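The residues making up each chain are set out below.
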Amino acid sequence: MFDKIKDWNEQRIIDKSGYSHSQWQAVAEDIAILNRLTESELERLFDLATLFLHDKSIKGAQDFVVTDAMKQSIALQACLPILNLGLEWYKGWSSVIVYPSSYHAKSTTTDEMGIVHEGTQHRSGEAWLRGPVILSWREVKNSGDLDGQNVVIHEFVHKLDMLNGRANGFPPMQSGMNPTEWTQIMEQGFADFQNNPKPGIDRYGATNPAEFLAVLSEVFFERSQDLNDAYPNIYQLLVDFFKQNPLQRT
């Protein structure tokens, strides 16, 4: 009964949405990463993105005006990783903050001597545990172009990673996945990547296991063949995790 009520409520939200099908299509046409989706997958993505926008607020920082088309672009790219998982994978937080371009953020690091250093960094995005996702619109509008870099996917994969605590490259496993296998394959890949850069994969992935997962997820959706060439075992792990196989329709 609960599932029926949930399905009815979600359909009601979709039916009453202020976004038309033609508006979704127009935005999607500008995001090359979505071209591989079948018509039925694209329709499901539109519905999921509609529910996403109902569930999350997207607001501009520094008086930046976020248009409906901008919100739709963010929602479509954010929902691509959870297309076959469901919106519940983005539970526990409620907002997306959008800056017009890169922004300054305070940073704290501890060196080998245990001394804490505070400073600021230029950032194009970040995800907070139980907090918002923060994005630079300048980076968002250049995402989805099949160049292997996608700030939206990157930050929202951090959110998936955080479902069982702080981001550490070990998100909750799907049913049937082997946690030990995930750990072994990802640790081997991370160790290799730190010493052997791979074509098409951003070196930022060598920072730590959480960034490794987020960067590889960008490549998984944007340039899947590059990831499969570099780390076929990791590619298959992500196929199992996201329940999608981009290579099937590339």
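Residues numbered from 1 in each chain as written. Predicted model: local features only at pLDDT ≥ 70, side-chain atom pairs only at ≥ 80, totals over all residues. Heavy atoms only, no water.

1. Let's talk about the overall build of the protein
Heads up, the rule is: Segments assigned H or I by DSSP are reported as helices when at least four residues long, segments assigned E as strands when at least two residues long, and all are numbered from the N terminus. Areas reported as accessible are Shrake-Rupley estimates using a 1.4 Å probe. Residue values count occlusion only from the protein chains shown.
Assigned secondary structure in the protein consists of ten helices and six strands. Accessible area of the protein: about 13000 Å², with a carbon and sulfur share of 47%.

2. Focus: the pattern of salt bridges
What counts is decided by this rule: Salt bridge, as used here, is a side-chain nitrogen of Lys or Arg placed within 4 Å of a carboxyl oxygen of Asp or Glu. Three labels apply to residues, based on accessible area from a 1.4 Å probe with only protein chains included: buried if under 20% of the type maximum, exposed if over 50%, partly exposed otherwise in between.
Tallied over the entire structure, the rule returns three salt bridges. K56 is the partner of D55 in a salt bridge, and the nearest nitrogen-oxygen pair spans 3.1 Å. Judged by its relative accessible area of 5%, K56 falls in the buried class. In this structure, D192 engages K198 in a salt bridge whose closest nitrogen and oxygen atoms are separated by 3.2 Å. Owing to a relative accessible area of 26%, D192 belongs among the partly exposed residues under this scheme.

3. Side note on the packing of helix 4 (residues 68-79) against helix 6 (residues 151-161)
Our working definition: Structural elements are reduced to axes, namely lines fitted to C-alpha atoms, with helices fitted over the stretch in contact, and the angle between N-to-C directions of any two is expressed from 0 to 180 degrees. Any angle between 65 and 115 degrees counts as roughly perpendicular, while under 35 counts as roughly parallel, over 145 as roughly antiparallel, and the rest as oblique. Handedness of each helix crossing follows the sense of rotation of the near helix against the far helix: counterclockwise by less than a right angle gives left-handed, clockwise gives right-handed. Contacts were defined at the residue level, with two residues in contact if any of their heavy atoms lie within 4.5 Å. Only Asp, Glu, Lys and Arg are considered charged in this grouping, and only Ala, Val, Leu, Ile, Met, Phe, Trp, Tyr, Cys and Pro are considered nonpolar; every other residue, Gly among them, is considered polar.
Viewed as axis vectors pointing N to C, helix 4 and helix 6 meet at an angle of 55 degrees, and their least axial separation amounts to 8 Å. The angle between helix 4 and helix 6 falls in the class oblique. Crossing geometry of helix 4 relative to helix 6 is assigned as right-handed. Only V152, I153 and F156 of helix 6 make contact with helix 4, whose side of the interface consists of I74, Q77 and A78. By residue class, the composition of the contact of helix 4 with helix 6 is five nonpolar, one polar and no charged.

4. Here's the deal with the sheet that holds strand 2 (residues 95-99)
To be explicit about the condition: Two strands qualify as a pair provided that DSSP identifies no fewer than 2 bridges between them.
Pairing in this open sheet of four strands is mixed, and the strands run 1-2-6-5 from one edge to the other. The sheet is open, and its two borders are formed by strand 1 (57-60) and strand 5 (125-127), each paired with just one other strand. Neighbour-to-neighbour, the strand axes of this sheet turn through a mean angle of 15 degrees, independent of strand direction. Bridge count between strand 1 and strand 2: four bridges; the pairing is parallel. The partner of I58 across the bridge, within strand 2, is V96.

5. Section: unusual backbone geometry
The backbone of R130 sits at a positive phi, close to 60 degrees, despite the residue not being glycine. Summarising the element assignment, R130 is placed in the loop between strand 5 and strand 6 (133-136). You will see that K243, though not glycine, has its phi angle at about 60 degrees, which is positive. Structurally, K243 can be placed in the segment after helix 10 (232-242). Relative accessible area serves as the criterion here: at 46%, K243 is assigned to the partly exposed category.

6. A word on the packing of helix 6 against helix 8 (residues 209-222)
The interhelical angle for the contact between helix 6 and helix 8, taken along N-to-C directions, is 130 degrees, at an axis separation of 8 Å. The angle between helix 6 and helix 8 falls in the class oblique. Our pair here, helix 6 against helix 8, has a crossing hand that is right-handed. Across from V151, I153, H154, V157, H158 and D161 in helix 6, the residues of helix 8 making contact are A210, E211, L213, A214, V215, S217, E218 and F221. Broken down by class, the residue content of the contact of helix 6 with helix 8 amounts to eight nonpolar, three polar and three charged.

7. Notes on the pairing of strand 2
Our working rule: Note on handedness: a crossover is taken as right-handed if, strands pointing away from the viewer, the path from the first strand over the helix to the second is clockwise.
With four of five residues buried, strand 2 lies mostly within the body of the structure. Between the parallel pair strand 1 and strand 2, the chain is carried across by helix 4, and the sense of this crossover is left-handed. Bridge count between strand 2 and strand 6: four bridges; the pairing is parallel. Paired with I97 across the bridge in strand 6 is I134.

8. Structural notes on the packing of aromatic side chains
Note the following rule: In summary, the pairing rule links any two rings of Phe, Tyr or Trp, Trp by its six-membered ring, whose centres are within 6.5 Å, and it sorts them by plane angle into stacked for under 30 degrees, edge-to-face for over 60 and tilted for everything else.
Per the stated rule, a full pass over the model turns up 17 aromatic pairs. Ring geometry for Y19 and W24: centres 5.6 Å apart, planes at 55 degrees, overall tilted. Exposure remark for W24: the relative accessible area of 3% places this residue in the buried category. Between F193 and F212, the aromatic rings sit 5.8 Å apart at their centres with planes inclined by 40 degrees, giving tilted as the arrangement. Of this pair, F193 sits in helix 7 (residues 179-195) while F212 sits in helix 8; the two residues are 19 residues apart in sequence, bridging distant segments of the chain.

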